[in-house]
Structure formats: C-alpha cells, structure tokens
Amino acid sequence: SVSLASADLQNLLQPQQQAFLGDMSPARAAREDRLRRLDHLIETHAEAFAASISQDFGTRSPVEIRITETMLVRGGIRHALQHLATWMKPRRVRTALAYRPGRALLAPQPLGVVGIISPWNYPLQLALAPLIGALAAGNRAMLKPSELTPLFSAALQAAVAAAFSADEITVVTGDAAVGKAFAALPLNHLVFTGSTAVGREVAQAAAKNLTPVTLELGGKSPAIIDASCNLDGVADRLAWGKLINAGQTCIAPDYALVPRGDVERFVQVLRTSMLRLYPTFRGNPDYTSIVSERH
C-alpha cells in the first residue's frame, strides 16, 4: 500500500538527512571518492547491466547501450572530476557601496538529499547522469528507477548497495504507488524525467513539501528541411537519430517539414538510409524492441 511505502521510504530518507547534517559541506576528496566509486561500479557492472536491460526490453543492442548510456555517463563523471575544484570555489562578486569595506562571495553549497525518478527508455543513463551532479555538489541521493525495467532496477539496487553506504546513495524499486510516495518525500530537490502527465503529478506532490523540482519532459522534435539542403547527408543522420533505441528517445526526430518539390526524393533517400542501417527489423539483434505491448 502507499502508506506502507511512505513509512519505508521515510526510514530510508532519515539516515541520509542525518548524515548530511553531520557533514553539510563534504570535502572535495569525499566527492571525488564517490564519483570514482560510481565510475568503478559502471565499469565492473557494464555487461551485467546491458544484459538485464536487454532482457527487460526483449532485445536491446549492446552497442546502443554502450554508446547512449555507459560511455555517456562515464564521460560525465570524467567531466565532473576535471571541473570539480572550479565548481566548488567561492566566487568574488561586486560589493554594494553601502556594505564596504565588507566583501561579497557566492559560495556553492550542497542542498541535502536529492531524489531522482528515472524512466525506462534509457534506464542507466537517466538514473545515473543526474546522480553525477548530485554527488559532485556534495549531496546524498535517493533513486527510483522505472518499474518497466525491473531486472535492471534490481541489478542497479544491488550494485549501489555494495558500493555505497545507505546514507550516501540508496535505490528504491517498486511500482507506480511507490513512485508516487517517493515524489511526496520531503526531499531537498527532486529530479524527474518522463511524461508530461506524470510530471504534473510529481510537481504537485513535491509542492506540498516546497521541494524544488527539475522536470525533463521530452517533447516534439521536428526536422526542418531547407530547399538548399543536401538530402543524402541529412537522411543518414535522421535515420540514425530516429531508429536508435527503436525511436524510444524523447528527442528523436518526430516529423519532417519538407519543401513540396522534395517530398518524394526525401522519402526515397530516408528509406534507403534506414534499410542500410537495418536491412531487417524483426529478429535483428542490432535493432531494439519496443519495451512493452502498451508502448
């Protein structure tokens, strides 16, 4: 039930809140250590994660997982490690005349406990990419991955529990009722990636606690074809962007606006590009399945 989930979630949140109060501005070394442990976790579990994601989908190309998820997240960790010292440094700002000889600084400070609700379409990337920022900023984090990728969610939960203490990062699994209770927690910030309809519910639940939210709700992505466009070059890019992950990408090209005189040729070159990428779709191990019958 939702009430039981709420009590259980509170029990997970409380140690994180207490741990944060005991160390409200973690040293750079502590943040780097957490980021490196996250990187090591991804490196050592990459194959197992890819296998569980593929099982959740029915078929998911391991090459796609490596390019769009594993490599992307590990690149983000490297970027954070390179820039962390700069990000943490207080920045001198102009002091108004009335307050001189005082000095004014902007000092970045951790928020506390950050909640991350991630979707099914890129289960690894969209759970762990927001986590990089949360850890770099010195926060604790609670993750709620999608119930539509249960094998991956369970694998992530076990891997995180082995690499991090529960008061650093914890992963919560469960259905939509658990997700609803998660959004209602008194977190210090909440990150949600998913549909607009669910995003509204998440924002409403968070508002009751005045929890600030970051919502990434996808949208429409038109491809605008100009009269001077080189159709052959563009078609390959559109075909790749549309068909990777079987189109289950929030910024996949959604529709094309094409000059009337170029429509037939556009369709022809796009079809050629698609067939070159994927000569067959059904039974092709390089082409990803749609995640569920409903989707």
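Everything quoted here is computed from the prediction, not taken from an experiment. (Residues numbered from 1 in each chain as written. Predicted model: local features only at pLDDT ≥ 70, side-chain atom pairs only at ≥ 80, totals over all residues. Heavy atoms only, no water.)

Side note on the environment of T59
Just so we agree on the cut-off: Counting from the N terminus, the helices are the DSSP runs of H or I reaching at least four residues and the strands are the DSSP runs of E reaching at least two. Two residues form a contact once any of their heavy atoms are found within 4.5 Å.
Following the sequence through the fold, T59 ends up in the loop between α2 (28-57) and α3 (62-88). Sequence spacing of T59 and D286 is 227 residues, and the spatial spacing of their C-alpha atoms is 8.4 Å. When neighbours within four sequence positions are excluded, T59 is seen to be in contact with S54, N284, P285, Y287, T288 and S289.

Observations regarding the sheet that holds strand β3 (residues 113-117)
In plain terms, the rule: Any two strands with at least two DSSP bridges between them are considered paired. Only C-alpha atoms enter the line fits that serve as axes; for helices the fit covers just the stretch in contact. Angles between N-to-C directions range over 0 to 180 degrees.
Within the open sheet, the five strands sit side by side as β5-β4-β3-β6-β7. Their pairing is parallel. Lying at the two open borders of the sheet, with one neighbouring strand each, are β5 (169-171) and β7 (213-216). On average, each strand axis in the sheet is tilted by 10 degrees relative to the strand beside it, whichever way the strands run. Sheet topology note: the strand β6 (residues 189-193)/β7 ladder contains four bridges and is parallel. Its bridge partner lying in β7, T193 is registered against E216. Where helix α4 (residues 125-136) meets the sheet, its contacts fall on β3, β4 (140-144), β5 and β6, and the angle it forms with β3 comes to roughly 165 degrees.

Some remarks on the packing of helix α8 (residues 231-243) against helix α9 (residues 263-277)
Condition: Here roughly perpendicular refers to angles of 65 to 115 degrees, roughly parallel to angles under 35, roughly antiparallel to angles over 145, and oblique to all remaining angles. Rotating anticlockwise by less than a right angle from the far helix to the near helix defines a left-handed crossing, while the corresponding clockwise rotation defines a right-handed one.
Contact geometry for α8 and α9: axes closest at 8 Å, N-to-C directions at 55 degrees. Considered as vectors, α8 and α9 are oriented oblique to each other. α9 is crossed by α8, and the crossing has right-handed handedness. In this structure, α8 uses L231, D232, A235, D236, L238, A239, W240 and L243 to contact α9, whose residues at the interface are R265, F266, V269, L270, S273, M274, R276 and L277.

Observations concerning the pairing of β6
Note the following rule: Relative accessibility thresholds used throughout: buried, under 20% of the residue-type maximum; exposed, over 50%; partly exposed, between the two (1.4 Å probe, protein chains only). Here is how to tell: hold the view so the strands point away, follow the path from the first strand over the helix to the second, and if it runs clockwise the crossover is right-handed.
Taken across its five residues, β6 has five buried, putting it largely inside the fold. Side chains H189, V191 and T193 of β6 all project onto a buried face; the interleaved residues L190 and F192 project onto the opposite face, where all are buried too. Strand direction decides the pairing type here: β3 and β6, joined by four bridges, are parallel. Residue pairing in the sheet places G115 in a bridge with L190 of β6. What joins β6 to β7 is helix α7 (residues 196-207), and the crossover it makes is right-handed.

Some points on the packing of aromatic side chains
This is how it is decided: Between 30 and 60 degrees the pair is tilted, below 30 it is stacked and above 60 it is edge-to-face, where a pair is any two Phe, Tyr or Trp rings, Trp via its six-membered ring, whose centres lie within 6.5 Å. Ring-over charges, as used throughout, are those where CZ of Arg or NZ of Lys falls within 6 Å of the ring centre and within 35 degrees of the ring normal.
By the definition in use, this model includes five aromatic pairs. Ring geometry for Y278 against F281: centres 6.0 Å apart, planes inclined by 35 degrees, an arrangement best described as tilted. Owing to a relative accessible area of 34%, F281 belongs among the partly exposed residues under this scheme. What links up through ring pairs into an aromatic cluster is the set Y278, F281 and Y287. Between the NZ or CZ atom of R60 and the centre of the ring of F57, over which it lies, the distance is 5.1 Å.

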